[in-house]
Amino acid sequence: MKNSDTLAVTTSLCPDCLEEVPGRYEERDGGVFLTRQCPHHGSTSRQVWGSLDHWEWAAEFGPTPEYDGGDLVVDPDHACLAVVEVTESCNLSCSYCFASSGPGGVHRSIEEIEALLDTVASAGGRPIQFSGGEPTVRDDLPDLVERARGKGIDHVEVNTNGIRLATEDGYAEKLADVGVTAVYLQFDGLTSETYERIREVDLVEEKHAAIEACRAADLPVVLVPTVVPGVNGQEMGDIVRFALENRDVIRAVNFQPVAHFGRYEQNDGRFALDDATRLLAEQIETLDARDLLPAPCCSAYCQIGTAFVPRDTGPTDTADSELDRADACGCSDACTDTDSFVPLTQYIDDHLWDTLSGLVDEGDYMELLAGTAAGEEWACKTAGCCGIDVPGGMEGLFDDVVPVSFTGFMDADAADLNRLSNCCISVPTADGDLVPFCGYNMTTEDGEYALRNRNGWGGRRMVDTQRTASDSPSYQDDGTVTDGGCTVDDCGGGDD
């Protein structure tokens, strides 16, 4: 018999040891809490959703997966994206870091990276993201991109803080020339204070310089803000407006509300996905919190998003009028006025979205977020299903559309094996498996990457607990990093 305040039951994980335990969702003070009982560590209860009303609304969207007790692996047909870590080294040492990386970390060998790429290729060549650490600290990153493309992997993103893009002339062109399809750019805000608090160094000029370098190289950019309560939540609306103003190069925004991974251990600072969504809606006049709809992949509680489109887009538009607007992009006042952009949900309802998204190949969804041609093709087909007349010259049309999404990563506080077993953001292993990204990065309260250690997935075993505020690095104009008097190369983070 369920308790009167129990909303649902699941298989959870104890945040102290990440062992399987029964869990139940409970309503409390208008929000939703996940409560579990571990025989060794007792009872824990953490808030996972800010509003019961919004939680119940999201539950109306599929899928609703159930954990079958098997191994935590991602079905290759279900994989949206494979995150390939190429280094533990970084030219920053941020306060918030999934990977607990910093200067002096080791690079993965070419042989190990080849094995990881083979895992992805054998899974059908799903889109990949080179990550770390900071992948651009490897001088052989362009070679790694070519190796991936040579294995039939057509979509290759680079996850970066942008420092090398900003400080090395021609580096963006070099990445574009070898086949990088998008830059996944850490972009926490538009103010110096934000970066000083989150990254411990003012990076505003470098972020803008990196975007300009990508613009010159015709290299699409996805902005990726880590959103921290009380730090940069009020900048989200400005980030969206900045993306719309620069939509010739910025193809999407993916907000990532901070979760308790790696080097972020305070349990009182977690940012529920729906709370972050409502905060953004307060900052954009044309947006309502429910304009951001659950994505088609893992669970209704993993990712939500919309696309900002010109206000005059609609089912009655003709191809000629669409093309006229695309040709005018960048010239007319209406096109440059961000208030003239509205969420796609003005033209499709919840039921239609749920129906269409259930037919989407997950890889196409990631391609859309990265602004690639494959994503544009799928979106045009979807728009046609919605009754929106899309012209043949879709490249111009999609210069005017900016997807905005939120990814709610699952940390130990929110551990739910139903969701985790259906994860579509994966990490390849040398043993040939794709494993859940959130499981790979999930840490216990003591800082152990317990699931990856227990299952032999590889990577760092513990959070870097030696870091202090005085350890924060600075970087030189040429992109090299100093940390306690040694450069990355001196500290063992040089090329393989």
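What you see is a predicted model, and the numbers here were worked out from it, not measured in a lab.

Cut-offs used in this document
- Residues numbered from 1 in each chain as written.
- Predicted model: local features only at pLDDT ≥ 70, side-chain atom pairs only at ≥ 80, totals over all residues.
- Heavy atoms only, no water.
- Helix = DSSP H or I, 4+ residues; strand = E, 2+ residues; numbered from the N terminus.
- Buried < 20%, exposed > 50% of the residue type's maximum accessible area, 1.4 Å probe, protein only.
- Contact = heavy atoms within 4.5 Å.
- Pairing = 2+ DSSP bridges.
- Axes fitted to C-alpha atoms, helices over the stretch in contact; angles between N-to-C directions.
- 1 Å grid on protein atoms, 1.4 Å probe; cavity = no way out; pocket = protein on both sides within 12 Å on 5 of 7 lines; lining within 4 Å.
- Points joined across faces, edges and corners; volume = space filled by probe spheres on them.
- Nonpolar A, V, L, I, M, F, W, Y, C, P; charged D, E, K, R; others polar.
- Parallel < 35°, antiparallel > 145°, perpendicular 65-115°, else oblique.
- Left-handed = near helix turned anticlockwise from the far one by under 90°.
- Salt bridge = Lys/Arg side-chain N within 4 Å of Asp/Glu carboxyl O.
- Arc of directions from axis to C-beta.
- Disulfide = S-S within 2.5 Å.
- Patch = residues over 30% accessible without salt bridge, like charges linked within 9 Å, V, L, I, M, F, W, Y side chains within 5 Å.
- Areas by Shrake-Rupley, 256 points an atom, 1.4 Å probe, with all protein chains shown as cover.
- Lys, Arg positive; Asp, Glu negative; His and termini not counted.
- Charge placed at Lys NZ, Arg CZ, Asp CG, Glu CD.
- Core = buried A, V, L, I, M, F, W, Y, C linked by side-chain atoms within 4.5 Å.

Peer 1: Describe the overall build of the protein chain, and please don't skip the residues or the numbers.
Peer 2: Counting its regular elements, the protein chain contains 18 helices and 20 strands. Out of the 496 residues belonging to the protein chain, those deemed buried represent 61%. In the protein chain, the share of contacts with a sequence separation of at least 24, taken over all contacts with a separation of at least 6, comes to 70%.

Peer 1: Give me the lowdown on the sheet that holds strand 3 (residues 31-38), citing residues and values where you can.
Peer 2: Here four strands make up an open sheet; going across it, the order is 1-2-3-4 and the pairing antiparallel. Edge strands, defined here as strands with exactly one partner in the open sheet, are strand 1 (6-13) and strand 4 (42-49). Along the sheet, successive strands turn relative to each other by an average axial angle of 30 degrees, direction set aside.

Peer 1: Kindly report on empty space enclosed by the protein, identifying the contributing residues and their values.
Peer 2: Scanning the entire structure with this criterion turns up seven cavities of 30 Å³ or more. Its volume calculated, the largest cavity comes out at about 890 Å³. Around the largest cavity, the lining is made up of 47 residues, and of these Phe 98, Asn 159, Gln 256, Phe 409 and Phe 437 lie nearest the centre. Those elements that provide at least two residues to the lining of the largest cavity are strand 5 (81-85), strand 6 (128-131), strand 7 (156-160), strand 8 (182-186), strand 11 (250-257), helix 13 (362-369), helix 16 (417-420) and helix 17 (437-441). Considered class by class, the residues forming the lining of the largest cavity number 27 nonpolar, 16 polar and four charged.

Peer 1: Run through the packing of helix 3 (residues 141-150) against helix 5 (residues 171-178), naming residues and quoting values.
Peer 2: The N-to-C vectors of helix 3 and helix 5 enclose an angle of 15 degrees; their axes lie 9 Å apart at closest approach. One finds that helix 3 runs roughly parallel with respect to helix 5. Crossing handedness for the pair helix 3 and helix 5: right-handed. Taken together, the residues of helix 5 that come into contact with helix 3 (itself represented by Leu 141, Pro 142, Val 145, Glu 146 and Arg 149) are Tyr 171, Lys 174, Leu 175 and Val 178.

Peer 1: Got a sec to walk through the pattern of salt bridges? Specific residues and values, please.
Peer 2: Scanning the model with the defined rule gives 21 salt bridges in all. Note that Glu 212 and Arg 215 form a salt bridge whose closest N and O atoms lie 2.5 Å from each other. Here the residue Glu 212 and the residue Arg 215 both occupy positions in helix 7 (residues 204-216), the gap between them amounting to three residues, near one helical turn. Residue Glu 212 is classed as partly exposed on the basis of its relative accessible area, which comes to 43%. In this structure Arg 215 comes out as partly exposed when scored by relative accessible area, which is 27%. Residues Arg 215 and Asp 248 are paired through a salt bridge, measuring 2.8 Å at the closest nitrogen-oxygen approach.

Peer 1: If you had to explain helix 5 to someone new, which residues and values would you point to?
Peer 2: All of the buried residues along helix 5 are Tyr 171, Ala 172, Leu 175 and Val 178. Down the axis of helix 5, the buried set is contained in an arc of 135 degrees. They therefore lie on one face. Looking at the packing, one finds that the buried side of helix 5 touches helix 3, helix 4 (163-167) and helix 7. Of the residues trailing helix 5, Gly 179 is marked for its positive phi of about 110 degrees.

Peer 1: So what about the state of the cysteines? Which residues, and what values?
Peer 2: Under the criterion given, the structure shown has zero disulfides. Unpaired in terms of disulfides, Cys 97 finds its nearest cysteine sulfur in Cys 94, a separation of 6.4 Å.

Peer 1: Can you tell me about unusual backbone geometry, naming the residues and giving the values?
Peer 2: Following Gly 132, the chain continues to Gly 133 via a peptide bond in cis, the omega torsion being 20 degrees. Locating Gly 133 in the fold gives a position in the loop between strand 6 and helix 3. Positive phi is not limited to glycine here, since Leu 18 has a value of about 55 degrees. Along the chain, the position of Leu 18 falls in the loop between strand 1 and strand 2 (20-28). Positive phi values are uncommon outside glycine, yet Asp 29 reaches one of about 55 degrees. Structurally, Asp 29 can be placed in the loop between strand 2 and strand 3.

Peer 1: Summarise a negative patch on the surface; cite the residues concerned and give the values.
Peer 2: Taken together, the side chains of Glu 193, Glu 196, Asp 202 and Glu 205 define an acidic patch exposed on the protein surface. The topology assignment puts Glu 193 in helix 6 (residues 192-198). For Glu 193, a relative accessible area of 52% translates into the label exposed.

Peer 1: How would you explain the nonpolar core if you had to name every residue and give the values?
Peer 2: Of all hydrophobic cores here, the largest spans 121 residues; its most connected members are Ile 128, Phe 130, Leu 223, Phe 255, Leu 280, Phe 406 and Met 442. Sort the elements by how many residues they give to this core and helix 8 (residues 236-245) lands first, with six residues. Once residues within four sequence positions are removed from consideration, Phe 406 is found in contact with Met 236, Asn 254, Phe 255, Pro 257, Leu 273, Ala 276, Thr 277, Leu 280, Leu 292, Cys 302, Gln 303 and Ile 304. By size, the runner-up hydrophobic cluster in this structure holds five residues, among which are Ala 307, Val 309, Val 342 and Val 401.

Peer 1: Before we move on, could you go through the pairing of strand 4 and cite the residues and values that matter?
Peer 2: Judged from the seven bridges that link them, strand 3 and strand 4 form a sheet pairing that is antiparallel. Within the sheet, the bridge partner assigned to Thr 35 lies in strand 4 and is Ser 45. Connecting the antiparallel pair strand 3 and strand 4 is a turn made up of three residues.

Peer 1: Please give an account of the environment of Glu 200 that cites residues and values.
Peer 2: Secondary-structure assignment places Glu 200 in the loop between helix 6 and helix 7. A relative accessible area of 29% means that Glu 200 is categorised as partly exposed. Glu 200 sits 105 residues away from Ser 95 along the chain, and the two C-alpha atoms are 7.2 Å apart.

Peer 1: Quick one: what's the story with the layout of surface pockets, residue by residue and with numbers?
Peer 2: In this structure, the largest pocket occupies an estimated 350 Å³ of space. Around the largest pocket, the lining is made up of 18 residues, and of these Thr 64, Pro 65, Tyr 301, Asp 416 and Asn 418 lie nearest the centre. The set of elements that each furnish at least two residues to the lining of the largest pocket consists of strand 1, helix 1 (52-58) and helix 16. The leading source of residues in the lining of the largest pocket is strand 1, at three residues. Grouping the amino acids of the lining of the largest pocket by side-chain chemistry returns 11 nonpolar, four polar and three charged.

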